[in-house]
Amino acid sequence: MEANKHVVSKHRLPISNAEPRGVLKVTFVNYVNPNKGDYNGGCCDPFPFYCDDCDTYFEICLQSTYTPVAKMDKCIKFVRTKMREDDNFKFDATFGSKGEKNPLEYHFDDSWQGTFSIYMEVWDNDGGNLFGVGSARDLIDKVYGKYQYLAAGSDSSRPRVYPKTLTGSRSGLGVFSPTSTAITLSLHCDPHYYDGYCSQYCKAQDSVAAGHYTCDSRGRKICRKGWQGTDCKEHKGVYMNSCRSQPCQHGGLCQNNGTSYYCQCAPGYHGNHCEKEIDLCVSAPCWHNATCVNYRTDFKCQCLPGFDGRLCQNDINECVSNNCANGAVCKDGINSYSCSCLAGYAGKYCTIDIDECSSSPCFPHGICKDGINNYTCSCLDGFRGRHCDENIDDCDPNPCEHNGNCTDGINDYTCSCVQGWVGKNCSSNRDECVGQPCRNNGTCHDSINDYNCSCAVGFTGKDCQININDCQPQPCQHNGVCVDGVNSFACLCKAGYSGTLCEVNIDDCKDSPCKHGQCHDGINQYHCACSVGYKGRNCDIEIDECLSSPCVNNATCIDEIGNFFCSCALGYEGRRCENRINYCKNVTCLYGGVCVNELAGYRCECREGYNGTLCENTPCTWQPCWHNASCTLNDNTIRGFECDCSELNYGFKYRYDGELCENDIDNCDPKYHHFDEGIGLTENGLDWTELSD
């Protein structure tokens, strides 16, 4: 039936097969990439001794066909996800790079046949592009999923739910096991649509224009009391001009047939009464979140910035005209671009010359001059080298005379002269008292090449250099070091002690350094006794019990505080999902059938001739014997059963024979009868009349 034409029948209620309407939801649950591998057998980010995590993102394409096509331009729904720096994770509720929600929703219409497919590409974002070498992304896996005969639930509160697993296609010698993505499919019909494929439309009405009926559970119209005909618009027993009420809307032409009518709709409208405007935007033809504007006979896509094309399918290359300077490489984005600068430049457009002097490489003995990705140091007097960090040795050659000892300084030197010599270079004979050899306020008395010191109270020695030791005997506790003064002393305490005599043990637990544990004070140290599930110097590191991969058989490990939980894959159970569920444990297959344990349940393999969930159907179940003869199982026969015709042959009336009692015997043939003396005979032979009595 055409979309803009509806014929009302006098003898049956219309409607039935409408354009399907409903919602398909695809929820992405979790993802696992074994060994952090890529599509060609390598790993995403290789290092000398290990593989780093992949920077994972997905390009997901929902398609309306049963067999998926490996192209991203055949999508009824497309999304590129945000990047995750991991190879084993659960999907977020908002996972699209442009804020798309999880699950993906597709509102299907007349294209829905209970069939759709998924094509998905898994990518590593940086793909070995270290220092500009390699491609900008690496393929991790290609994933194909196809589904058919998927019936929908009656409404959004009672959807049909189908848990599924998408397994990648990568394979070959040296290639890691394929990726695994757990998803959940959910389907339900829109209001007023019925049956498993939402193709039956019915909405209760009670008006002159729409009719007088209710809907049953299958979407069929049930006329209200006193009404009959198509859409229940006729009073019982009354002839009506169906076009009198002008039921056709939007300029539709009503064609009356006495007790029925149909509407010829104007362009751009459809429906029984031309009440529906054709919405070309229902199929969401516009890409990249563009806004679809319906014009009845056509539609227009209003693109978001950064896209163009009739369907907004083209990503505009902003690098065609760009401001990247100084040899920078332009990288296209969405409605934007970025500049990859050469060494020595920075800024959005690489116009800023990086100041290599900002880190003060010449400090403190030189002045830095910036260059392009380079710098030079102008050294102060007395220094040299790339960073002016080498002190020039002013003692080379030795300027000191008369065996004087030279000590280098900053752009200078000092001569330590032997006894009897003075001057910058030890070139002059000296007065031994000129240099004030007597220390600590001692008085010098010069002599010939010698001197004598009169010491102040508290000092002794040739030069009054010896301070009388007030540290004897040792006053400092806990191995503290005693520092002698003038008629006094001071204690330098070992780490962990304080006080005048180092008598106090410092409490290292005072500031509560243990985050999740009990602190025990020591000598200049402390020890943390960590609570269960934590470790580290300060018990501040939560232990990841999932690092040892305790969960087996593709189970998902969930870390907890001091514990872990395994979310088992289909068909497994146990603390670590180590046990295969035995569905055959309490199942007995009949008639010698063998129970086969599978991931999602059990299956009985029946002997030939038997079938049913428990092999309960035998060769006799379907009554193969003719004329209601008895069927008996017999494994020694070709058919596995035999028919007993004897109960059909009573008295002397032989009626049926054959393997299935299918032959009707000629009762007039004497060869089927065995006579004895009790049988009545006449001159002409057997008295058939008597037998018939």
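Since the model is a prediction, treat every value here as computed from it, not as a measurement.

Conventions used here
Residues numbered from 1 in each chain as written. Predicted model: local features only at pLDDT ≥ 70, side-chain atom pairs only at ≥ 80, totals over all residues. Heavy atoms only, no water. Salt bridge = Lys/Arg side-chain N within 4 Å of Asp/Glu carboxyl O. Helix = DSSP H or I, 4+ residues; strand = E, 2+ residues; numbered from the N terminus. Buried < 20%, exposed > 50% of the residue type's maximum accessible area, 1.4 Å probe, protein only. Pairing = 2+ DSSP bridges. Axes fitted to C-alpha atoms, helices over the stretch in contact; angles between N-to-C directions. Core = buried A, V, L, I, M, F, W, Y, C linked by side-chain atoms within 4.5 Å. Contact = heavy atoms within 4.5 Å. Patch = residues over 30% accessible without salt bridge, like charges linked within 9 Å, V, L, I, M, F, W, Y side chains within 5 Å. Areas by Shrake-Rupley, 256 points an atom, 1.4 Å probe, with all protein chains shown as cover.

## A few points about the pattern of salt bridges
Counted under the stated rule, the structure contains 14 salt bridges. Close ionic contact of Asp 53 with Lys 36 constitutes a salt bridge, the shortest N to O distance being 3.0 Å. A residue pair is termed long-range when its members are at least 10 positions apart, and Asp 53 in the loop between β3 (51-52) and β4 (55-63) and Lys 36 in the loop between β1 (22-32) and β2 (45-46) qualify at 17 residues. When its relative accessible area of 24% is taken as the criterion, Asp 53 is described as partly exposed. Of the residues examined, Lys 36 reaches a relative accessible area of 28% and is grouped as partly exposed. The salt bridge partner of Arg 137 is Glu 59, with a shortest N-O separation of 3.2 Å.

## Some points on the sheet that holds strand β16 (residues 211-215)
The strand order across the open sheet formed by three strands is β15-β16-β17, and the pairing between neighbours is antiparallel. The open sheet has two edge strands with one neighbour each: β15 (205-207) and β17 (221-223). Each strand axis lies, on average, 35° off the axis of its neighbour in the sheet, ignoring direction. In this sheet, β16 lies alongside β15 in antiparallel orientation, the contact comprising three bridges. Following the sheet pairing, Ser 207 is matched in β16 by Gly 211.

## A short note on the nonpolar core
In this structure, Val 26, Phe 28, Ile 60, Phe 116 and Ile 118 are the most contacted members of the largest nonpolar core, which totals 35 residues. Among the secondary structure elements, those contributing two or more residues to this core are β1, β4, β8 (104-108), β9 (116-124), β10 (138-147), β11 (160-167) and β12 (180-189). When sequence neighbours within four positions are dropped, the list of residues in contact with Phe 28 reads Ile 60, Phe 91, Phe 95, Asn 102, Leu 104, Met 120, Thr 181, Ala 182 and Ile 183. One finds Ala 629, Phe 641, Leu 660 and Cys 661 within the second-largest nonpolar core, a separate group that totals 10 residues.

## Details of a nonpolar patch on the surface
A cluster of nonpolar side chains, contributed by Val 481, Val 483 and Leu 492, occupies part of the molecular surface with about 230 Å² of accessible area. Of note, Val 481 is situated in strand β44 (residues 481-484).

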